[in-house]
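Letter by letter, the chains look like this.
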Amino acid sequence: MATVLPDSLIEEMEQVQETFGKVTGQAIVLTDQEGNVFTRPVATGTFYEIILTSLQDLDHPFKPTLRRLGSLSHPVILEEWIAGLKYVIIPLFPGYGQTYYLWAGVYMEESTKELIMPVFEAKMKNHPAFAQLKKELLAQPELSLEQIAEVREKIAVLGRILCKLLSGCAATSGVPRIGEMTSRLLTGLEKDYLKVQEVLQQLAASSSAGDLYAFAKENEDGRFQVDYAAGKGAPLLLNAVFQQGDGYLGQAVLGKEPRHWRTTAQDPRSLFFTKCGLPQPEYLSCYPALIYGGRRALLLAVGFSKNEQVQSYDLEEQLVASLVGLSDRGEKLMRREELRKEGTLRLKEAVRQLPQVTTYKELGSVLLDTLMSMPFSPSPVLVFFMNQEDAESTYYSRGWTGAEEQLYVKDLEERYSPQAFLSASIIHEAAGERYLLECPLIAENAFKGILSVGFRQQSKAVEWRAFTECIATLAATAIRLLEKDSRYTKHAGVFLNNLRNLLQDTYPGLHRVSQEASGLAYDFGRYLGMPESDSEQLTRSCLLAPFQLELLDEYDFFTEEILLLKQVDRLSAFYFDIEKPLLSFGAQVLALVLQHTGEQEQGETQVNSREKWLDLSRFKMVCNVQAAINEELQASFQSFMLSRSGEQQQEQAVSPGKLLNSPALKSPKEEWGISPREEEVLELIILGKTNKEIASALFISEHTVKNHLSRIFNKMNVTDRSQIIALIYKRILNSEGLEI
């Protein structure tokens, strides 16, 4: 059935259209989907007036263009009459099966006038007003494509206003003039979407016959729930639920036309209201409406006393019902916009946090926190990393049971691998009516893992796909930075190991002194409560301490450690008559450790004075350190050394460094076949270091440390660390008779 609009609406649309045309200087025509002119055309200027008058003499002048375009879904800029003359078409979809088209133009494209005029003359030379048309066209300004696109945006604004008017006021033939309240709601609709609760409050406060107005919407389970209510007893009706087909309300939602009941007070079907604590109504009107997503809704008008004017308000309530259905969609869209803004804020926070992570474990934790705080409330979430070296950092998850988690991770490993993986996200339907949005993590064209986010509805997964993919992209960037840092750390480790091997081959005593200082620095740092990362930084500074800064500065490694050494070097130029140098806390700790180790191992630190790549001054600053270092820190160091000696074997006469350098072990080490790298691990074992501490000191993974330990155990025919130390002490005791 063709839709007929009230005359008052046509007049209002024409008024809006005319005002818009005068302000913008545009020629505007509104047609239906058959090309019939729907509202009075707006023409500004002689050129447009003549053109529009000429079109009126033609039979359906817009129909051929519409047929050629087919189903137009977005605003477009077209050019078909004369190349270089463009016009704009805006499709309008009011929502009841009808389509309208808003036309605006014509506009002359930049640098095309010389091409347009000959064609125009050939086509229009027989027109009675040709001379005037030519004059007007020559005077018309030329617009760039960007300016024409701006015109399209302006006309689209008018299109949205007209579409709102069309959406709210569609009615069948015979509809009388719209009431005052409906016009007021339409005015509000032009500016923004209406709020359902406010519309109901306006109805309840107007001269309408109803005492109570409510709006019930269909839930996902097919039941209807009252979400909004205003008027007498409104709070009692909120959240009340009814089934389709059950009672007055249940019958009303089964049809598309309004239903009215009078004198319902004695009818048992009105018990829905009494169950809510309300009196039985005298009359009830129900107006079906469609809301966002195609779901059904019902506007209720309830009267608790007899009113002879009930019939005169049926039409206005019916029109308001269609507006309320439209405004419910608007509220959904506004709520979605609020959620998107909230999600954008979380994305901005992730942009700040993710590039700063230093480990895969931290990356997994930050990703979980970011996703779980997103407004779409995902469940469950799993971050899977393709990391074969460390099984503990393979994945991180929330919202999974243990059995489900293991099965899903196994499934991921089967479906994704470094050799075969998808580069685009997919929606994977899992058991339990869950939809898992799986976003591969791709860094430097290589597969690094999966970001999996669960949704309860597939539509939600589609809606939030772009946000989730953004987070996955940020995660891939963080992985790239982690790998870059890992390569940097690896290269730095190789550099340091090469220096250490050179030092060990040339001056093994100095090598052992710096090695022992590194262990002491780590333990003292932890004793003081310093973070583990700062304590590890101290250990590396001790390993670099024997070397000249000129040598270290040639390479872009260990900048923080070198900065500590530079601060320590200030003590070398410090005398009592000069102001104390200001050292950071870490530099003071480092100076104490180096001074103490150098003092204890004086015989081990002798080197050729001609060596330009070594610097022993950092191990020989007794007076300087005692005068410049904070007294409280010196007292803490003394307490630490006392506690350290108490934990070790009583009065150990031979240090671990001397033990390993003992001639009694030279032959056995060759007998065991201990490699230089394994010897470094062996030294740290004797110093009591854990696997993690050994890995940090030698810049290798804990997995590699375990491999070295396994080989050392096999070569020395032992099963644990304590047997290694016992075996070494036994060899020395048997050969030299040392008192341990």
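Preceding this paragraph is the structure being described.
Conventions used here
- Residues numbered from 1 in each chain as written.
- Predicted model: local features only at pLDDT ≥ 70, side-chain atom pairs only at ≥ 80, totals over all residues.
- Heavy atoms only, no water.
- Core = buried A, V, L, I, M, F, W, Y, C linked by side-chain atoms within 4.5 Å.
- Buried < 20%, exposed > 50% of the residue type's maximum accessible area, 1.4 Å probe, protein only.
- Helix = DSSP H or I, 4+ residues; strand = E, 2+ residues; numbered from the N terminus.
- Contact = heavy atoms within 4.5 Å.
- Pairing = 2+ DSSP bridges.
- Axes fitted to C-alpha atoms, helices over the stretch in contact; angles between N-to-C directions.
- Parallel < 35°, antiparallel > 145°, perpendicular 65-115°, else oblique.
- Left-handed = near helix turned anticlockwise from the far one by under 90°.
- Nonpolar A, V, L, I, M, F, W, Y, C, P; charged D, E, K, R; others polar.
- Polar contact = N/O pair within 3.5 Å; in protein donor to acceptor, adjacent residues only side chain to side chain.

S.K.: Which parts of the structure should I look at to understand the nonpolar core?
M.R.: It is characteristic of soluble globular proteins that their nonpolar side chains tend to be buried jointly. Core analysis: the biggest nonpolar cluster contains 47 residues, and Phe-524, Leu-552, Phe-558, Leu-590 and Val-593 have the highest contact counts within it. Mapped onto this core, the elements with two or more residues apiece are α16 (465-506), α17 (508-527), α18 (532-544), α19 (549-553), α20 (559-569), α21 (585-600) and α23 (631-647). Among the elements that line this core, the one with the most residues is α21, at seven residues. With residues up to four places along the chain from it excluded, the contact list for Val-593 reads Ala-517, Leu-520, Ala-521, Phe-524, Cys-542 and Phe-637. Core analysis: the next-biggest nonpolar cluster, separate from the first, contains 41 residues, Val-42, Val-106, Ile-116 and Leu-158 among them.

S.K.: What should I look at first to understand the sheet that holds strand β11 (residues 296-303) in this one?
M.R.: One open sheet accounts for six strands, arranged β8-β7-β6-β11-β10-β9; its pairing is antiparallel. Only two strands of the sheet have a single neighbouring strand rather than two, namely β8 (241-242) and β9 (259-262). In the packing of helix α8 (residues 196-205) onto the sheet, the strands contacted are β6 (212-218), β7 (224-231) and β11, and the crossing angle to β7 comes to about 45 degrees.

S.K.: Can you help me understand the packing of helix α26 (residues 676-686) against helix α27 (residues 691-698) in this one?
M.R.: Axis angle and axis distance: for two packed helices, these are the angle between their axes and the distance between the axes, and together they describe the pair. At a minimum axis separation of 10 Å, α26 and α27 run at an interaxial angle of 130 degrees. One finds that α26 runs oblique with respect to α27. For α26 against α27, the interelement crossing comes out right-handed. For the pair α26 and α27, the contacting residues are Arg-677, Glu-680, Val-681, Leu-684 and Ile-685 in the first and Ile-694, Ala-697 and Leu-698 in the second. Here the residues of the contact of α26 with α27 sort into six nonpolar, no polar and two charged.

S.K.: Which parts of the structure should I look at to understand the environment of Thr-359?
M.R.: By the element assignment, Thr-359 lies in the loop between α12 (314-353) and α13 (360-372). Sequence separation between Thr-359 and Asp-485 is 126 residues, and the spatial gap between their C-alpha atoms is 9.8 Å. From its side chain, Thr-359 meets the backbone nitrogen of Glu-362 in a polar contact 3.0 Å long.

S.K.: Quick question: what am I supposed to make of the sheet that holds strand β14 (residues 426-430) here?
M.R.: Where strands meet in a sheet, backbone hydrogen bonds hold them as pairs that are either parallel or antiparallel. Spatially, β13-β12-β16-β15-β14 is the arrangement adopted by the five strands of the open sheet, whose pairing is antiparallel. The sheet is open, and its two borders are formed by β13 (395-398) and β14, each paired with just one other strand. For this sheet, the mean angle separating the axes of adjacent strands, direction not counted, is 20 degrees. Relative to strand β16 (residues 446-455), strand β15 (residues 434-443) is paired through nine bridges, and the arrangement is antiparallel. Its bridge partner being in β16, Pro-440 is matched across the sheet by Ile-450. Seen against the sheet, helix α14 (residues 402-415) touches β12 (381-385), β13, β14, β15 and β16 and runs at an angle of roughly 45 degrees to β12.

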